[in-house]
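Now for the letters of each chain:
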Amino acid sequence: MEKVVNMSHWRRKLVLWMVMVIQLSLFLSVFSTEIHARKFLKDNDINTNDVRLHISDRQVIIDNGLVEVTIENPSGYLIGIKYKKMQNVLERRNHISNRGYWDIVWDGDSYDKLETKHVEVITQTNDIVELSFTKTWNSKNHGKTIPLNIQKRYIVRRGISGVYMYGIFERQEDFPKAHMYQIRIAFKLKEDKFRFMALSDTIQRVMPRSEDRVKRHSKPLDFKEAVLLTNPSNPKLKGEVDDKYQYSIENKDNKLNGWISDHDSIGFWIMTPSNEFRTGGPHKQDLTSHVGPTALSMFVSTHYTGTEIDTFYKEGEAWKKVFGPVLIYLNSASLKDDDHRKILWNDAKRQLSEEIESWPYNFTRSEDFPHSQQRGQVNGQLLVQDRYMDKQLMQAKSAFVGLAPPGEADSWQKEGKGYQFWTQTDKIGRFNIKNVRPGVYNLYAWVHGFIGSYKLDLNITIQPENKIELDTLIYDPPRNGPTLWEIGIPDRTAAEFFIPEPYPQYVNSITNDGADKFRQYGLWDRYSDIYRDSDLVYTVGTSNYSKDWFFAHVPRKIGDDWYRPTTWQIKYNLQDVNNRGTYTLQMAIAAASFAEVEVRFNDPNSDRPHFTTRRIGYDNAVPRHGIHGLYRLYSIEVPGYRFLKGSNTIYLTQTRSDNSFEAVMYDYIRLEGPNRLNN
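In this text the structure is predicted, and so the values were computed from the model without any measurement.

Caption draft 1: Structural detail: empty space enclosed by the protein. Taken as a whole, this structure holds two cavities of 30 Å³ or more when the rule is applied. Volume-wise, the largest cavity comes out at about 50 Å³. Around the largest cavity, the lining residues are Phe518, Gln520, Leu523, Trp524, Phe551, Ala621, Val622, His625, Gly626, Ile627 and Met665. Its residues assigned to classes, the lining of the largest cavity shows eight nonpolar, three polar and no charged. Taken as a whole, the second largest cavity encloses approximately 40 Å³ of empty space. Residue lining of the second largest cavity: Glu191, Phe194, Arg195, Met207, Pro208, Arg209, Ser210, Trp259, Gly292 and Pro293, and that is the complete set. Counted by class, the lining of the second largest cavity contains five nonpolar, two polar and three charged residues.

Caption draft 2: Spatial organisation of the sheet that holds strand β19 (residues 266–271). Read from one edge of the open sheet, nine strands run β7-β8-β9-β10-β24-β19-β18-β12-β13, paired in antiparallel fashion. Strands with a single pairing partner mark the edges of an open sheet, and in this sheet they are β7 (118–124) and β13 (204–206). Strand-to-strand, the axes of this sheet are offset by a mean angle of 20°, without reference to chain direction. Pairing of strand β10 (residues 162–171) with strand β24 (residues 319–332) involves nine bridges; the strand directions are antiparallel.

Caption draft 3: Fine view of the confidence of the model for the chain. For the chain, the mean per-residue pLDDT works out to 93, and 92% of the residues sit at or above 70. Below a pLDDT of 50 lies the segment residues 1–10, which in the model reaches zero contacts outside its immediate sequence neighbourhood of four places, other chains included. Segment residues 26–44 is flagged for pLDDT under 50; beyond a separation of four residues in sequence, or across chains, it makes 20 contacts in the model.

Caption draft 4: Quick look at unusual backbone geometry. Going from Gly324 to Pro325, the amide bond is cis rather than trans, its omega being 5°. For the bond from Trp359 to Pro360, the omega torsion is -5°, close enough to zero to count as cis. Structurally, Pro360 can be placed in the loop between α2 (340–358) and β25 (376–384). Residue Ser398 is not a glycine yet carries a positive backbone phi of 60°. Structurally, the position occupied by Ser398 is in the loop between β26 (394–395) and β27 (400–404). Here Ser398 falls in the partly exposed class, since its relative accessible area comes to 41%. Located in the positive-phi region is Arg614, a residue other than glycine, with phi close to 60°. Residue Arg614 is classed as exposed on the basis of its relative accessible area of 60%.

Caption draft 5: Just the sheet that holds strand β41 (residues 597–601), in detail. One open sheet accounts for five strands, arranged β36-β39-β45-β41-β42; its pairing is mixed. The sheet terminates laterally at β36 (537–539) and β42 (611–612), the two strands that pair on one side only. Of the pairings in the sheet, the one linking β36 to strand β39 (residues 566–574) comprises three bridges and is parallel in character. Note on β39: the bridge partner recorded for Val537 is Gln569.

Caption draft 6: View of the domain arrangement of the chain. Here the chain is described as being made up of domain 1 (52–191 + 266–358), domain 2 (372–475) and domain 3 (483–672). A C-alpha centroid distance of 31 Å is found between domain 2 and domain 3. The interface is formed by twelve residues belonging to domain 2 together with eleven residues belonging to domain 3. When residues of domain 2 are sorted by the area they lose upon contact with domain 3, Gln413, Trp446 and Ile451 head the list and together hold 55% of the total. The salt bridge partner of Asp410 is Arg492, with a shortest N-O separation of 3.2 Å. Between the two partners, domain 2 and domain 3, sit six residue pairs in polar contact (both at pLDDT 80 or more). Looking at the side of domain 2 that touches domain 3 residue by residue, the class counts come to five nonpolar, five polar and two charged.

The rules behind the values
- Residues numbered from 1 in each chain as written.
- Predicted model: local features only at pLDDT ≥ 70, side-chain atom pairs only at ≥ 80, totals over all residues.
- Heavy atoms only, no water.
- 1 Å grid on protein atoms, 1.4 Å probe; cavity = no way out; pocket = protein on both sides within 12 Å on 5 of 7 lines; lining within 4 Å.
- Points joined across faces, edges and corners; volume = space filled by probe spheres on them.
- Nonpolar A, V, L, I, M, F, W, Y, C, P; charged D, E, K, R; others polar.
- Pairing = 2+ DSSP bridges.
- Helix = DSSP H or I, 4+ residues; strand = E, 2+ residues; numbered from the N terminus.
- Axes fitted to C-alpha atoms, helices over the stretch in contact; angles between N-to-C directions.
- pLDDT = per-residue confidence, 0-100.
- Contact = heavy atoms within 4.5 Å.
- Buried < 20%, exposed > 50% of the residue type's maximum accessible area, 1.4 Å probe, protein only.
- Domains from an automatic or database assignment.
- Buried area = accessible area lost by both parts, 1.4 Å probe.
- Salt bridge = Lys/Arg side-chain N within 4 Å of Asp/Glu carboxyl O.
- Polar contact = N/O pair within 3.5 Å; in protein donor to acceptor, adjacent residues only side chain to side chain.

Structural data, given as structure tokens:
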């Protein structure tokens, strides 16, 4: 008995000892993290200095003890940001108009850096300074400057190591017509300092220098943005491709990008807490950072959409829009930290989370930027009805639901003038669209796994502080009959299809991650290597779309600068054919650029195709390394007599072949039989 008691006693002691070890370990971990955080904060954000403003004839300086921001007076060019021991994080060797600036590309190749004429103090307290640099358009400058009234605003706040920037642009009814293809803010950083770029947890790298892209250090490739680094300043980059489009990101994910100066352990970051002012919806891709070192905040562009996105303002069309605010944030870590890059990146993500939580900002002082109490919200639930998949209503989980200016069902992806507010549904299809600016909108949605787009057939008017509760919404996706076979996943991209390995001589190591593999250079020409003598043939039931369906339907290269149209075949069997019935080929296209797809059934030599898209698309997604551009859906009805009992073939011909980039990317293809539910 004594022995048993002693064993039990020792077991209890052992358990207590193990618990103490675990608690001590956790304490040390937390203590270490706290000490590290305090060390980081000591170098960064613990500062209670007042915000000070100094205005002279040539420049304006705002200083909060953490950053000193210098703006040229009255042009509004950001010419300097002093942080820590770095006197200017911007490239001082550049002209003052080429350091931190807004710009607009308009009416073709016209270019305007929005130089202003006046400065006005909007707010000046010990806690915050807001300035507005303005210019009113004059008809005497017709054709010389963009017809816009301009406000470029800067805000510096107590305790924030950065500067907020936003713009208010206005057209009056009597302004002349104009296209505005691109609106952005650009920053040119010190090239001898900022060498490391970070766009996401996986897309980070030491970057080439701008001089590495000149001819003596690189080889030009198929378009001017792409070069092969042959003799770069950093030997580790030799043999890699540099192309700014390889660093593109979708709007919904493009919230943080920036650069790190390893020598000083300083980070420069652009933070975008909201996408409400960006154009083209959540999936539109755009530029971020690239060789320069250049950091970009993109608001409007034709990238991955082409000129189909609406950037044209006709005479008599009044317009006003607020772009931003975005935060230019700076941070630093101890030079002794070996993992200073990770520390800086994680701190930037922390600050971004705070900015997102604070949106919409309540410290701005423009009546054109409504605060949270001046906005509204829309709640609801989206369900899907597809009786050929499930007789019951299905939950639209993780669907994208958004408010955008009124239009057709997919018009939001071409919308380039107004505001858009998007969210994703939860597991049961519930959604909550918050902080919506007052205005009139349509509600749009698309659901992963289902083709087509949803639009609620009524206008939604948002007023301050109103909360709209919608009835349960039912999406009835395009469907004419049962699925006979399908290729791909309805997700508006070609990401699930076969993406080949890049040429060994054309690699960018930053895009080696599986999710970004499609951004490697030259993948379009790999089709001609794989299919040297004949085109792709896909056999339903045998082939696998992830291995056998090439991600882009491109021409085949048959010599230097010679290309041939390509015809892909889909082979399948039908056990029964309803000659009097109507079949439907659902063909969803994820991208198109100067392409045309002709569809033939069982007769590849017929002079006239059964269906043609005609020439479509300007999104240039293939050379710009995008796995999608604008989404298109074609529901092609086919009489039953065109099918055969047994073996059948569909021929898809991409007829355009002036170059390798005239191509389409398919999202999803499905053949439906005749409608049985109404029989």
